[in-house]
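# Overview (structure and organization)
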Amino acid sequence: MIYSGNIYKMRTTGSNPVSYFLTVGDIEISMNDLIGKQINIKYKNQINCINCNSITNKSFHQGYCYSCFVSLPQADEGVLHPEKDMSHLGISRDMEWAKKHSLIDHYVYLAITGNIKVGVTRYTQIPYRWIDQGAISAIKLAKTPYRNLAGQIEVELSKYISDKTSWTKMLQTQTSDIDLVSLKKQISVQIPDEYKKYITFDNTITNIHYPYNYNIQKFRSLNLDTNNTIEGKLSGIKAQYLIFDSGDVINIRKHNGYFIDLEIFE
Ligand SMILES: [Zn+2]
């Protein structure tokens, strides 16, 4: 069976384990069903912008053509760096978009990926953001009424806790002894007084299980720009990574808009 089309970041549902769905053109494929099967991903040397569909030689900001990259609000720097979002001051590439995406409740959270990380997400993206990062557990730390504020808190806390994820550690990490509730207590002390009122009392721990049995410890990350074909027996999925039993992995998220053939061998 061969499916052809542009791919997009996998949609997820559930958390025990997470179910993954990959869009290939008009079809959505249940990726959990492919675990244990031989698959072949062949890049057709075409990238279509995930916004305007035009062909682009290079993908900007995970899937946009250059023109969309420099004009769309969802590709502005406040998306990658919440503290640079200025929509609360009325400054945005598109205020209507900002009202729906930036000027809404945001969470600062702590997550165990491979290391402990601090991050920011819109309230609508919980738990999807955590799943996309491969977190095995996470806790909410602060709730703010708009994006920039959450970013300011994250900047303060990133002096003590990483705001990055190591992808190899993330793929290796199955369990952790870290007590997120007591860590939240400790780190909350470091939040400047002006932001302390945003600390949330919600200490719910979200645990996330992935369709993957962690039997591989050495990984090689491949991308379609330099490896036209990526194939093997699919061993599991974590974050947005397809993990093959050879240890080869591909981060689907980096390939938004790539046109591929996906062949599945029964
Ligand atoms: Zn475009």
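This report concerns the structure included in the present document. Since the model is a prediction, treat every value here as computed from it, not as a measurement.

What counts and how
For every chain, the first residue of the written sequence is number 1, and numbering continues from 1 onward in sequence order. Residues qualify for local features only when their pLDDT is at least 70, as the model is predicted, and side-chain atom pairs are given and counted only at 80 or more; totals for whole chains, interfaces and linings, by contrast, use all residues. The side-chain figures draw on all heavy atoms in the structure; neither hydrogens nor water molecules are used. One requirement defines pairing of two strands: DSSP has to find at least two bridges between them. Only runs of H or I of at least four residues qualify as helices and only runs of E of at least two qualify as strands under DSSP, and these elements are numbered from the N terminus. To get an axis, fit a line to the C-alpha atoms, keeping to the stretch in contact for a helix; angles then go from 0 to 180 degrees between the N-to-C directions. Contacts are residue-level and defined by heavy atoms, with any inter-residue pair within 4.5 Å sufficient. With water omitted from the atoms examined, metal sites may look incomplete; donors here are N, O and S atoms no farther than 2.8 Å from the metal, or 3.2 Å in the case of Na, K and Ca. Partly exposed residues are those whose accessible area sits between 20% and 50% of the maximum for their type, while under 20% is buried and over 50% is exposed, using a 1.4 Å probe and protein chains only. For salt bridges, the criterion is a side-chain nitrogen of Lys or Arg within 4 Å of an Asp or Glu carboxyl oxygen.

### Comments concerning the sheet that holds strand 1 (residues 2–13)
A sheet is described by the order of its strands in space; here nine strands give the open sequence 3-2-1-13-4-10-11-12-9, paired in mixed fashion. At either end of the open sheet lies a strand with only one pairing partner, and these are strand 3 (27–30) and strand 9 (220–222). The sheet shows a mean angle of 45° between the axes of neighbouring strands, taken without regard to direction. Sheet topology note: the strand 4 (residues 38–47)/strand 10 (residues 229–238) ladder contains five bridges and is antiparallel.

### Describing the sheet that holds strand 8 (residues 205–207)
If you walk across this open sheet you meet the four strands as 6-5-7-8, and the pairing is antiparallel. Each end of this open sheet is capped by a strand with a single partner; those strands are strand 6 (116–122) and strand 8. Along the sheet, successive strands turn relative to each other by an average axial angle of 30°, direction set aside. Here strand 5 (residues 106–112) runs beside strand 7 (residues 137–144); their pairing, made up of seven bridges, is antiparallel. Across the sheet, residue A111 finds its bridge partner in strand 7, namely A138. In this fold helix 5 (residues 147–157) packs onto strand 5, strand 6 and strand 7, with an angle of close to 175° to the strand it touches most, strand 6. Contacting strand 5, strand 6, strand 7 and strand 8, helix 7 (residues 180–188) runs over the sheet at an angle of about 35° to strand 7.

### Side note on the coordination of the zinc ion
All of the protein donors around the zinc ion are C49 (SG), C52 (SG), C65 (SG) and C68 (SG); their distances to the metal are 2.3 Å. For the zinc ion, all donor residues lie on one chain, and their spacing in sequence is C-x2-C-x12-C-x2-C. Taken together, the residues C49 in the loop between strand 4 and helix 1 (66–69) and C65 in the loop between strand 4 and helix 1 connect sequence positions 16 residues apart. Take C49: its relative accessible area is 3%, and that puts it in the buried class.

### Focus on the environment of T200
Along the chain, the position of T200 falls in the loop between helix 7 and strand 8. Each C-alpha atom of the pair T200 and K99 lies 23 Å from the other, and the pair is 101 residues apart in sequence. With residues near it in sequence (within four places) discarded, T200 still touches K140, L141, A142 and K184.

### Points about the pattern of salt bridges
By the definition in use, this model includes 13 salt bridges. For D132, the salt bridge identified is with R253, shortest N-O distance 4.0 Å. Residue D132 is found in helix 4 (residues 128–132), and its partner R253 is found in the loop between strand 12 (248–251) and strand 13 (258–265); the two are separated by 121 residues along the sequence. Judged by its relative accessible area of 11%, D132 falls in the buried class. Given a relative accessible area of 21%, R253 falls into the partly exposed group. A salt bridge links K140 to D202, with the shortest nitrogen-to-oxygen separation between them at 3.6 Å. Taken together, the residues K140 in strand 7 and D202 in the loop between helix 7 and strand 8 connect sequence positions 62 residues apart. Each of K9, D132 and R253 takes part in a single network of salt bridges with overlapping partners.

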